[in-house]
Amino acid sequence: MSPILRLAVAAALAGAVASPAIAAPAAKPAASAAAFDLKPYTIPYKKFTLQNGLTLIVHTDHSVPVVGVNMWYHVGSRNEKRGKTGFAHMFEHFFFNGSENYPHGFREAMDDLGATNRNGITNYDRTNFFEDVPVSALERTLYLEADRMGFLGNYINKDMLERERGVVSNEKRQGENQPYGRVHSEIVQRMYPYSHPYSWPVIGYMEDLQAASLEDVKEWYRTYYGPNNAVISLSGDITPERALELVKKYFDGIPPGPALARTEAWIPTLDRNIRDTMEDQVPQARIYRAYHMPGWGTADAQRLQLFAEVLAGSKSARLNKRLMYDKGLATGVGAGARPSEIAGIFQVTVTLKPGADPAEVEREIDAVMKELLDKGPTAAELARVKTATFAEFSRDIERLGGFGGRNDVLAQSMTYGGSPDAYLANLKLMADATPAEVKASADKWLRANHYTMTVKPGARLAAGKTSIDRKVLPALGDAPEVGFPEMQRATLSNGLKVILMERHGAPIVNVTLAVDAGAAADNAAKSGLASLTLDLLDKGSKARDAFQLSDALESQGARLSTATSADLSLVRLNATSLNLKASLDLMADAALNPTFPDDQFKLAKQRRLAQIGQEKANPQAMAQRLAAYAAYGSDSAYGRPASGTEKSVDSLTRGDLAKWHADWFKPGNATLVVAGDTSMEKLKPMLESAFGKWSGGSAPAKQVAPGSSLSNKRIYLVDKPDAPQSVIIATHLSQAQGQTEDLAMEPVMQNFGGMATSRLNRNLRLDKHWSYGVQGFLSNVRGQRAFVIQAPVQTNKTKESMQELAKEIKDIAGARPIAGEEYKSIMRNMTSRLAGRFETLASLESAALQSINLNLPPDHWAKYAGNIRALSEQQLGAAAPKYIKPDEVVWLVVGDVKKIEPAIRELNWGEITRLDADGKPLN
């Protein structure tokens, strides 16, 4: 195809609106075209617009008794949306299946009447159908085209949809099975942003087509295939008058479709060069280099095409000569500007000679491009490629119809340029382009960031011979021995305790300052104080404001964060071993010298109030807030949410935060947990330097009242109108930490509700499909723990899910203890997963923090793996009923009360009380 038609036909750009005029005279060159004789390239035409918006273009040539018919619809893949791609291309297929009044194949009809040069094509911006037919068959052809424009929707059925889905799937496979067949879709996905309509392939994604409903595709047809979104171009042995008569006869009664909005231009930019490598079953490596460029009809697009021809349009073109003849590195070289309707791509493609080094070829591409960009094309080069370009265009318009023929040029110009002779302006731009103008356009677009894809021949792979019996499951070996690093202990001069666990696999160190406070240090009136104080520790110290502290940490490659658990307040540092001392100084400054700046305090308070609102709006988060209350009651610190309530947070002042920090941040009330690439010999002096001057007396005693669970035999409901799910909480107070059966309860709870194949998940997710996931656990607090189940389930299975959960609770508490193969399976899980449990520094930190919080024996983790392996079936069976009490369960359900309450009442499990989002009774 000619370079002009790569611009004017293969591209698909510049949105157009049909002229309201009833008829237009034959095209005349515009005044601006006077310097260049357009007459040899001018295609005479007449244009008509029907009252329903259909544009008719007629070009008369009586040389042969043939009429080229070309129907352009201004719809392509760019009109689709993510999740519903491939519709435009699939409709190209539908158009060949017949229509409501001609329920036979369109291909067969064309064969019957002797059509030639016929096809249908979809790209980003348009779908068109063309056929050259003997003049004697023109009326039937127009009847058929009109029928599929106006009467295809009712003819599309489920069988046709399924059939064409299969055909398109095979077309996609066939395309991808060609050498380099997957490259284009990769390029556009990388070149265009995710939301850009050119970022998905024209053929679409198969999962979208599989998901498309019959109504989806019919709605697509109704929207985009009306006469007001179409151009019909007729060329050949036909007069304008006869053409208008026939077109009005068959198309005039078709109602217009809706008005459509169009994006005029969207040219992305790359913020950096992007490079990809792909292996494919290809005989030679190939390099693709792509740049963004503007779309159809722009001056830059025409000039970039000339630049492409100078670069790689012939044997003597610069890149061809360098790579194929001078250096012998390539067997094929090409370049082209490909403008579509709202954007385009300038692409260089080089097929490497076998054995050539891709890196060397790229260097040559860069060198030739740079030379041409720096100096621009010569006048002689530009004259040569212009002559070749216009000669090829002349050859293309020899044909009446088909791809690139006269009626195609006119239809495309009307669709993208708003006038059938818009192509003449493109020709004029190219004809008048000077070397300086071509250089300027290339400078503007080709010095930008670009995308490079190198496709390499893939290895010829094949399966080897094997004699194994795949029906025989290999045996599992013994679980590996798991070691735990020594927990080295020290105490600084001010009484601050230190625990170090060395691991030298990577040059990083994690440090956690664990203060014995946590949410349990809050009183009811000030709940949320502990966590809000921690949130502000890195927002400004006496030496640095929040931004200075952030910059200083970043300069050391360090990160600082805070967290609040039920019993501990944590300040965490992630540092490199190289910059550990400086990072520790920054950590100490933030942790020990916070100023709680007024502006940061106000922002943090606003964010916390918003967070609480979000927690109440989220059914699962609300259920978690109220689960603690249901288990412990409001008198216990463990029964209140760590984030606080709106009332308690609203009452907090900067003074409250400063006092809380001064009360609880005492060196004797804290431990530094360190894990990573250091030693106690190196570490202790750094810690003395950073934390040694920290002084203070004793911290207050925490007032953690014993839990007083809401009475059992009671159900609490929280209303979430129209919620599609109910969140079920089943909870009760369980045993305090420190029981001899604590270790045995770990595999019990893991098997009951701690993994994807737990009893709870197997029942409600895997077997019944009522839930996406259910969990059951014992709360990890220092004092009395709570047994908790959290189960989000579909609304219409709320009652049934509660019954299943109650059954599972009774089963694990003794009716069906873990035994036999189930016992063996969970013990394999517990022992085998130990190998990866302590893989990271964070996991070592977590183990040490648990030791601190629960006052575990010094050798707890060293002996942990062996102690887990030694647990017997009987120990698991004896532990479960001690911790899990079916008759003490309190139920809490967050969901659409009007839908779930009647069924829940049928359970007759006790009094039902409605609660508000804060846990206050409503009735």
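Treat the numbers as computed from the prediction; the structure is a model and nothing was measured.

Criteria and thresholds
Residue positions are counted from 1 within each chain, in the order its sequence is given. Per-residue local features of the predicted model are confined to residues with pLDDT of at least 70, and side-chain atom pairs are confined, for both listing and counting, to 80 or more; whole-chain, interface and lining totals are unaffected and use all residues. Only hydrogens and water are set aside; all other atoms, that is, all heavy atoms of the structure, feed into the side-chain values. Put simply, a nonpolar core is a bunch of buried Ala, Val, Leu, Ile, Met, Phe, Trp, Tyr and Cys residues held in one set by side-chain atoms that sit within 4.5 Å of each other. Only protein chains enter the calculation, and the probe is 1.4 Å; a residue is then buried if its accessible area is under 20% of its type maximum, exposed if over 50%, and partly exposed in between. Secondary structure elements follow DSSP: runs of H or I no shorter than four residues count as helices, runs of E no shorter than two count as strands, and numbering proceeds from the N terminus. Between two residues, a contact is recorded if the distance between any of their heavy atoms is within 4.5 Å. Salt-bridge detection follows one rule: a side-chain nitrogen of Lys or Arg within 4 Å of a carboxyl oxygen of Asp or Glu. Relevant arc is that of directions from the helix axis to the C-beta atoms, nothing else. Strand pairing is assigned whenever DSSP identifies at least 2 bridges connecting the two strands. Angles run from 0 to 180 degrees between N-to-C directions of axes, and those axes are lines fitted to C-alpha atoms, restricted for helices to the stretch in contact. What goes into a patch is any residue over 30% in relative accessible area without a salt bridge, connected to like charges within 9 Å or, for nonpolar side chains (Val, Leu, Ile, Met, Phe, Trp, Tyr), within 5 Å. Here the accessible surface of atoms and residues is derived via Shrake-Rupley with a 1.4 Å probe, and residues count as covered only by protein chains that are part of the display. Charged residues are defined narrowly, with Lys and Arg counted positive, Asp and Glu counted negative, and His plus the chain ends left uncounted. Here the site of a charge means atom NZ of a Lys, CZ of an Arg, CG of an Asp or CD of a Glu. Whenever two N or O atoms come within 3.5 Å, that pair is a polar contact, provided that in protein one can donate a hydrogen and the other can accept it, and provided that, for residues adjacent in sequence, both atoms are side-chain atoms.

Student: Tell me about the nonpolar core, residues and numbers included.
Tutor: Counting 67 residues, the largest nonpolar core has Ile 789, Leu 805, Ile 809, Leu 876, Ile 884, Trp 891 and Ile 904 as the members making the most contacts within it. Core analysis: the next-biggest nonpolar cluster, separate from the first, contains 53 residues, Phe 94, Phe 106, Leu 234 and Ile 254 among them.

Student: A description of unusual backbone geometry should follow, citing residues and the corresponding values.
Tutor: Phi at Asn 117 is positive, roughly 50°, even though this residue is not glycine. Given the relative accessible area of 36%, Asn 117 is considered partly exposed. For Phe 596, which is not glycine, the phi torsion reads 50° and is therefore positive. Tracing the backbone shows Phe 596 in the loop between α19 (580-592) and α20 (598-617).

Student: Which residues make up the environment of Met 680, and what are the values?
Tutor: Within the secondary structure, Met 680 sits in helix α24 (residues 680-691). Using a relative accessible area of 15% as the deciding quantity, one classes Met 680 as buried. Sequence spacing of Met 680 and Asp 896 is 216 residues, and the spatial spacing of their C-alpha atoms is 57 Å. Those residues within four positions of Met 680 in sequence are excluded, and the remaining contacts are Gln 488, Arg 489, Ala 490, Val 498, Leu 500, Glu 502 and Pro 685.

Student: An account of the pattern of salt bridges is requested, with residue identities and associated values reported.
Tutor: This model, assessed by the stated rule, comprises 57 salt bridges. Between Asp 443 and Arg 447 there is a salt bridge whose closest N-O contact spans 2.8 Å. Look at Arg 447 and you get partly exposed, because its relative accessible area is 46%. Several salt bridges share partner residues, and in doing so they unite Lys 370, Asp 374, Lys 439, Asp 443 and Arg 447 into one network.

Student: Go over helix α23 (residues 654-664), please, and point to the residues and values.
Tutor: For α23, the complete set of buried residues consists of Asp 656, Leu 657, Trp 660, His 661 and Trp 664. An end-on view of α23 places all buried positions within 130° of arc, on one side of the element.

Student: Quick rundown of the sheet that holds strand β18 (residues 670-676)? Include the residues and the values.
Tutor: Across the sheet, six strands lie side by side as β13-β14-β18-β15-β17-β16; this open sheet has mixed pairing. Each edge of the open sheet carries a strand with a single partner, namely β13 (488-491) and β16 (559-564). Along the sheet, successive strands turn relative to each other by an average axial angle of 20°, direction set aside. Examined bridge by bridge, strand β15 (residues 508-515) and strand β17 (residues 569-576) share eight bridges and lie antiparallel to one another. In the sheet register, Val 509 faces β17, and the bridge partner there is Ala 575. In this fold α19 packs onto β15, β16, β17 and β18, with an angle of close to 155° to the strand it touches most, β17. Of the strands in this sheet, β13, β14 (497-502), β15 and β18 are in contact with α24, which crosses β14 at around 145°.

Student: Could you give an account of a negative patch on the surface, with specific residues and numbers?
Tutor: A grouping of Asp 545, Asp 551, Glu 554 and Asp 599 is seen on the molecular surface, where their side chains present a negatively charged patch. For Asp 545, a relative accessible area of 37% puts it in the partly exposed group.

Student: Before we move on, can you summarise the side chain of Asp 147 with the specific residues and values?
Tutor: Tracing the sequence through the fold places Asp 147 in helix α4 (residues 138-150). Within the buried core, Asp 147 has no salt-bridge partner, and the shortest N-O distance to an opposite charge, that of Arg 148, equals 9.2 Å. A polar contact is formed between the side chain of Asp 147 and the side chain of Ser 99, at a distance of 2.5 Å. The residues contacting Asp 147, other than those within four sequence positions of it, are Ser 99, Glu 100, Asn 101, Tyr 102 and Leu 152.

Student: Now, about the sheet that holds strand β12 (residues 451-457): what can you tell me, with residues and values included?
Tutor: Pairing in this open sheet of five strands is mixed, and the strands run β8-β12-β9-β11-β10 from one edge to the other. Bordering the open sheet on either side are β8 (274-280) and β10 (330-339), each of which pairs with just one other strand. Within this sheet the neighbouring strands show an average axis-to-axis angle of 15°, counted without direction. Across the sheet, helix α11 (residues 318-326) lies against β10 and β11 (344-352), angled at about 160° from β10, the strand it touches most.

Student: Got a sec to walk through the side chain of Arg 640? Specific residues and values, please.
Tutor: Its location among the elements puts Arg 640 in the loop between α21 (619-632) and α22 (646-650). Of the side chains bearing the opposite charge, Asp 635 lies closest to the buried Arg 640, which forms no salt bridge; the N-O distance is 6.5 Å. A distance of 3.0 Å separates a polar side-chain atom of Arg 640 from the backbone oxygen of Asp 522. The residues contacting Arg 640, other than those within four sequence positions of it, are Asp 522, Asn 523, Ala 524, Ser 527, Ser 634 and Asp 635.

Student: Outline the pairing of β15, listing residues and values.
Tutor: With respect to burial, β15 is a largely interior element, seven of its eight residues being buried. Looking at chain direction, β15 and β18 are connected through seven bridges and run antiparallel. Considered in β18, the bridge of Thr 512 is made with Val 673.

Any link to function would need more than the numbers given here.
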